[in-house]
Structures are given as C-alpha cells and as structure tokens.
Amino acid sequence: MTGGKEPPMGKIVLDMSMSLDGFITGPEDDESNGLGVDGERLHAWLAEGNDDPQTYRPSGPSGDIFDELMATGAVLVGRRTFDIAGRWNGDHHDGVPIFVPTHRPPADNPFERVHYVTEGIAECVRQAKAAAGDRDVMLHGAYTAQEALKAGVLDGIELQLRPVLLGQGRRLFDGLSPEHIELELVRTLEAQGTLHLRYDVRH
Ligand SMILES: NC(=O)c1ccc[n+]([C@@H]2O[C@H](COP(=O)([O-])OP(=O)(O)OC[C@H]3O[C@@H](n4cnc5c(N)ncnc54)[C@H](OP(=O)(O)O)[C@@H]3O)[C@@H](O)[C@H]2O)c1
C-alpha cells in the first residue's frame, strides 16, 4: 500500500492494583503466593459484586474497567510476574499474544502465543503494539513498568487504588530515577472500595 495513512495504533497501558502506600505486593511474593503476605487484598476489587466465580467480572464501574482490560489485544508482562503467575498456561485472556522482556529466555517455550524478547523494552513494546493493532496493550510488572517509563515508551497508567496499607512489600515506583516524568490524570472512577485512576504519560 502506498500513500495511505498508517493504521491507528493502540496504546500501551500499565495495569496494577496498588495499596494507598504504593505497594503492588506484600512481602515474600513468590510462586506460592503471587501477591505476597496479605497482598490478595489488592485484587479484592475483582470480587466486588461478583456472584459468578467463573468470570471474575466485578459489577459497577469496576466491571467497566475489567471489560476494558479484557478488550486489550496483547499483554506485555515482566518475566517475574509471568513466572509467578504460572505463565497463565500460555493464555492471559482470549488467546491474545503475550510478550515477555527478559535477559534469559527459557530453552523451551511450549506456548505458541508467548514471545520472549531479548532486544530490550522498546523493541518488546514495538512488537506487542504491532500485534495488538488498533487495540491497547496491557502491561504488568513494576520493574518492567519502570523500564518502559525510563525508555519513554509507556503511554498510560491504570491504577486500582485500594484502601489498604501494607507497610511492606514491593512498591510500584520504588527506586525510579529522579528524572521528570510528567503524568496527566485523565479519568477517575469511584467504585465500592476502589478508586480507578487513569493517567496519560506525557511524551
Ligand atoms: N498488584 C498487581 O496488580 C500486580 C500485577 C502484576 C504483578 N504483580 C506482582 O508484581 C511482582 C512482579 O513485579 P516485579 O517488578 O518484581 O517484576 P516484573 O516487572 O514482573 O519482571 C521483571 C523482570 O522482567 C524482565 N525485564 C523487564 N524489563 C526488561 C528489560 N528492559 N530488558 C530485559 N528484561 C527485562 C527481567 O527478567 P530477567 O531477569 O529474566 O531478565 C526482569 O527481572 C509479582 O509478585 C507479581 O505477582 C502485582
């Protein structure tokens, strides 16, 4: 095709549930306890008004956020989150492709839709966005989010702010270098027990 417009491309948006004191896990997060000690309280918003344990879909404004997340066309996930989550058996939702930045790809990858990317975060984002087309890409992982922010390739942040004080664990923005990253608050949704905050990252 010549002379045509580039097809519209989706955004890459970090999606995390965070405590009021900034933690995305409690202490000792590992394969046996993905969100660490007491960390499951961060994900309790998924159960709000949900009487169908098969779907995880909460009701009210949280349900709208859930639908938005499930409409994403690819997932980019840090290697730690991916491994701790049991690699989701190769499918996070609806069989969309999963892109995992890593320095040490596994020798065997049994999952057709899982792509390990060793050429850095910007290349990983490029591949995920290309795969998602005009849909957004969901990003998971604190370290990985910081890598994307530092590289200037993160477009947005969707936080589920939970009324929880964990006091210890893994903080979302811990250790971020003090360069100026400017955010714009573009949406707030108040659900029972959860504040949904959406920021655009200014490039
Ligand atoms: N609260 C929530 O909503 C929520 C959501 C998701 C995850 N979590 C939790 O968050 C924790 C994981 O977060 P995390 O910050 O520790 O780790 P992470 O971001 O999930 O993964 C970090 C790893 O990803 C790879 N990576 C990231 N950027 C890279 C780059 N630029 N180049 C090469 N490799 C790169 C590296 O893997 P290699 O070491 O292989 O190189 C790095 O060690 C887990 O406990 C998970 O359960 C919480």
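This report concerns the structure included in the present document. (Residues numbered from 1 in each chain as written. Predicted model: local features only at pLDDT ≥ 70, side-chain atom pairs only at ≥ 80, totals over all residues. Heavy atoms only, no water.)

## Description of the site of the ligand
Here's step 1: By nearness alone, 25 residues border the ligand, and D29, T81, T102, H103 and Y143 come closest of all.
Here's step 2: A distance of 2.9 Å separates a nitrogen atom of the ligand from a polar atom in the backbone of I24.
Here's step 3: Protein burial of the ligand: of its 930 Å² of free accessible surface, 90% is covered by the chains.
Here's step 4: When residues of the shell around the ligand are traced back to their parent elements, those giving at least two are β1 (12-19), β2 (23-25), α2 (79-84) and α4 (142-150).
Here's step 5: When its residues are assigned to classes, the shell around the ligand shows 8 nonpolar, 11 polar and 6 charged. (Near = heavy atom within 4 Å. Polar contact = N/O pair within 3.5 Å; in protein donor to acceptor, adjacent residues only side chain to side chain. Areas by Shrake-Rupley, 256 points an atom, 1.4 Å probe, with all protein chains shown as cover. Helix = DSSP H or I, 4+ residues; strand = E, 2+ residues; numbered from the N terminus. Nonpolar A, V, L, I, M, F, W, Y, C, P; charged D, E, K, R; others polar.)

## Focus on the pairing of strand β9 (residues 183-191)
Here's step 1: Strand direction decides the pairing type here: β9 and strand β10 (residues 194-201), joined by 8 bridges, are antiparallel. Within the sheet, the bridge partner assigned to E190 lies in β10 and is L195.
Here's step 2: Hairpin connection between β9 and β10: a loop of 2 residues separates the two successive antiparallel strands, and G193 in this loop has a positive phi of roughly 80°. (Pairing = 2+ DSSP bridges.)

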